[in-house]
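Overview (structure and organization)
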Amino acid sequence: MGLNPKFRTQYIVLGLTAIVIMAYLSFIARYGVNVPFWDEWDQVPIVNAALHGHLNFSQLWDQHNENRMFLPNLLVVLVALMTHWNLKIEMWFSALLSIASFAVFMRMVKWKTLPFLLPISALIWFSLAQYENTLWGFQLAWYLVLFCFLLCITFLYRESYHSFVISTIFAILASISSFQGLLTWPIGLLILLISPSPSRSKILSWTAAGLGTIILYFTGFTFRATVEPWLSYSLSHPFVSLVYFFTVLGSVTSVGASNPTDLLLCEMVGVSVFTLSVYFLSHWWSTKPEYRFRTSPVVVPILFGLLFDISLVVGRSGFGIPQATSSRYTLYNLVLLTALSWAVLLQQSLKPTLYQLRKEWGTGALAVILVISLASSTLRGLAAGGNLLAARLMATDVLANFKDATDNLITSTIFPSVPMFKVYAEEVMKDRLSVFNSSSAIVYRRLGILPEDHFSKLLPIPLNLQLAITVNDNVRLAWAALSTVYDSRPDLKQAFPLHEPQFAYSLLHWAITSGTTSVSTRKVLAPLAPQYISMFRLLGGSPIPNR
């Protein structure tokens with residue numbers, strides 16, 4: 001007896017969605033590196049205080065730029081105590097929060113009404129456009145905000161007072177995770193106001209809790225400590241601010257763009273997304289109250305994404321238009337695009353009076369945006385993942401050999417303040433945190449600072465080596481070191497061209513037989529000889545060549 005066609009469809013879309021999520025997780029496994037980078041160094045005093053028993057509330061509550069990050073700081077402390085501050089664990093936790101947030105949103109929109117949209121939504125939600133958030137443990141804060149925001153809204157739809165209290169708690173947790181968490185309060189108030197039976201007591205309680213949280217958030221707040229320029233720049237440069245807004249809204253198509261053509265593409269996509277969003281929101285607001293409340297789950301992420309981009313304009317527009325294409329700013333815009341997909345396509349299953357958006361141009365425009373953004377972001381994300389991996393491996397090399405690293409190398413790879421970095425690096429080493437809690441630190445110290453003060457982009461990784469390089473830091477380091485040597489040696493490029501099917505086998509054979517003994521390369525390759533032998537075996541090299 002065969003499966004019911006309805007269930008068969010659900011199983012297929014769930015399977016496709018699972019594949020997308022597994023691909024996203026494999027991206028972290030392959031490119032994530034356990035090393036503190038940039039803002040994460042500001043957390044060293046908190047980690048150190050927790051390990052030595054003198055952590056206090058003010059350390060957890062102190063602002064970081066414009067953010068109160070009390071909840072993320074608590075989780076960082078927990079990770080540090082349990083794993084010796086393994087930053088990759090923070091990346092995995094962020095991924096878990098993203099998956100959980102996706103599940104919450106799909107439940108909110110009742111995905112079974114349009115099951116085919118589930119894997120498409122996953123492709124957008126887990127897009128590699130957000131590679132910087134994905135591969136940077138510090139961005140845990142924004143994933144926390146997203147998760148708490150969606151749970152808050154979910155409980156807010158329920159009528160019981162118990163659920164209302166839970167919703168309020170999640171709103172507070174979002175607020176003490178990052179500045180953007182404060183956006184939960186006005187959006188939550190909107191949900192209460194459009195409810196079929198607005199509760200005056202809930203509205204007053206929500207308003208009071210929101211105002212109390214905001215007052216608490218800004219008590220003792222120092223605006224001089226925020227990233228400059230701030231509000232004054234965006235107000236005095238309205239045109240730049242407007243262009244910045246559209247650029248950041250469309251940056252999912254060209255993350256990290258700097259050339260005029262890519263920036264123009266971002267602006268065009270941003271204008272299209274904004275127009276589509278405003279058109280949908282205006283017609284949504286003009287519908288009957290019962291329909292308005294019923295479909296609001298697809299509206300709130302759109303509102304949150306637009307408000308998030310406005311907050312970026314206020315805080316970051318002074319840094320220039322190209323900065324708007326930073327990968328870390330794409331998270332909530334991907335959520336916005338996911339929600340917009342449901343908003344546009346739900347017109348097919350709900351009453352025509354609900355959405356006046358014309359199917360002919362609305363669905364078509366969205367489809368074009370999604371195709372461009374998914375194709376572009378996937379290609380750019382994969383390339384950026386490799387580049388980011390090389391950069392983080394270099395940062396690990398600098399940290400492991402921080403006493404010998406030049407000031408210029410420190411500021412260009414791991415942290416802008418050399419004196420502060422050296423103090424914090426000393427503490428990280430003494431407490432055996434991050435890389436110092438693994439055997440990799442010994443290998444890095446044997447290597448010293450690699451030649452030319454940088455890791456080149458990694459060589460293509462053969463299929464048989466994918467798993468080993470993903471799960472073993474020392475094998476990954478060995479491949480990176482060999483990539484650096486290959487990049488600096490024209491004779492190797494000529495002898496082992498990348499287009500040859502057996503280039504990795506031949507190159508590893510050379511590394512074991514000549515590279516680890518040659519005067520010019522043995523400093524880099526000799527400490528990693530066991531890893532090269534292991535990789536050679538995985539490629540079918542037997543017997544192992546004589547060294």
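Examining the overall build of the protein
Of regular secondary structure, the protein possesses 27 helices and 2 strands. Among the 547 residues that make up the protein, the fraction classed as buried is 57%. Considering only contacts within the protein whose residues lie at least 6 apart along the sequence, 76% involve residues at least 24 apart. Carbon and sulfur atoms make up 65% of the accessible area of the protein, which amounts to about 23,100 Å² in all.

Concerning a nonpolar patch on the surface
A cluster of nonpolar side chains, namely Leu-51, Leu-78, Leu-81 and Met-82, defines an oily patch on the protein surface of about 390 Å² accessible area. When you line up the elements, Leu-51 lands in helix H2 (residues 44-51).

So, the environment of Tyr-233
Within the secondary structure, Tyr-233 sits in helix H12 (residues 231-236). In this structure, the C-alpha to C-alpha distance between Tyr-233 and Phe-319, residues 86 residues apart in sequence, is 9.8 Å.

Quick notes on the pattern of salt bridges
If you walk through the whole model with that rule in mind, you get 4 salt bridges. Residues Glu-66 and Arg-316 are paired through a salt bridge, measuring 3.1 Å at the closest nitrogen-oxygen approach. Residue Glu-66 is located in the loop between strand E1 (63-64) and strand E2 (67-68), and its partner Arg-316 is located in helix H16 (residues 300-316); the two are separated by 250 residues in the primary sequence. Judged by relative accessible area, which is 6%, Glu-66 ranks as buried. On the basis of relative accessibility, which here comes to 13%, the residue Arg-316 falls in the buried class. One salt bridge connects Arg-328 with Glu-132, and the closest N-O pair in it is separated by 3.2 Å.

A closer look at unusual backbone geometry
Leaving glycine aside, a negative phi is the common case for residues, and trans is the common case for peptide bonds. We note that Trp-85 has phi near 55°; this positive angle belongs to a residue other than glycine. Tracing the chain through its elements places Trp-85 in the loop between helix H4 (70-83) and helix H5 (87-108). Classification of Trp-85 by relative accessible area gives buried; the value is 0%.

Things to note about the packing of aromatic side chains
In the structure shown here, the tally under the stated rule is 34 aromatic pairs. Relative to Phe-246, the ring of Phe-245 lies with its centre 5.5 Å away and its plane at 65°, an arrangement referred to as edge-to-face. One exposure class covers both Phe-245 and Phe-246, and it is buried. Three or more aromatic residues link up through ring pairs in this structure, and these residues are Trp-142, Phe-149, Phe-304, Phe-308, Tyr-329 and Tyr-332. Across from the ring centre of Trp-285, 4.4 Å away, lies the NZ or CZ of Arg-292, which sits over that ring. The ring of Phe-37 has Arg-392 lying over it, and the distance from NZ or CZ to the ring centre is 3.9 Å.

With respect to helix H11 (residues 200-218)
A rise of 1.5 Å per residue sets the reference length of H11, with its 19 residues, at 27 Å; its end C-alpha atoms lie 27 Å apart and thus fit the reference within 8%. Among all positions in H11, only Lys-202, Ile-203, Trp-206, Gly-210, Thr-213 and Tyr-217 are buried. Down the axis of H11, the smallest arc covering the buried residues is 105°, so these residues share one side. The outward face of H11, more than 90 degrees from its buried face, is lined by the exposed residues Arg-200, Leu-204 and Ile-215. Buried residues along H11 sit against helix H3 (57-61), E2, helix H8 (140-156), helix H9 (161-175) and helix H10 (184-193).

Reading the values: rules and limits
Residues numbered from 1 in each chain as written. Predicted model: local features only at pLDDT ≥ 70, side-chain atom pairs only at ≥ 80, totals over all residues. Heavy atoms only, no water. Helix = DSSP H or I, 4+ residues; strand = E, 2+ residues; numbered from the N terminus. Buried < 20%, exposed > 50% of the residue type's maximum accessible area, 1.4 Å probe, protein only. Contact = heavy atoms within 4.5 Å. Areas by Shrake-Rupley, 256 points an atom, 1.4 Å probe, with all protein chains shown as cover. Patch = residues over 30% accessible without salt bridge, like charges linked within 9 Å, V, L, I, M, F, W, Y side chains within 5 Å. Salt bridge = Lys/Arg side-chain N within 4 Å of Asp/Glu carboxyl O. Phe/Tyr/Trp six-rings, centres within 6.5 Å; stacked < 30°, edge-to-face > 60°. Lys NZ or Arg CZ within 6 Å of the ring centre and 35° of its normal. Expected span 1.5 Å × (residues − 1). Arc of directions from axis to C-beta.

Fair warning: the whole summary comes from geometry, so function is off the table for now.
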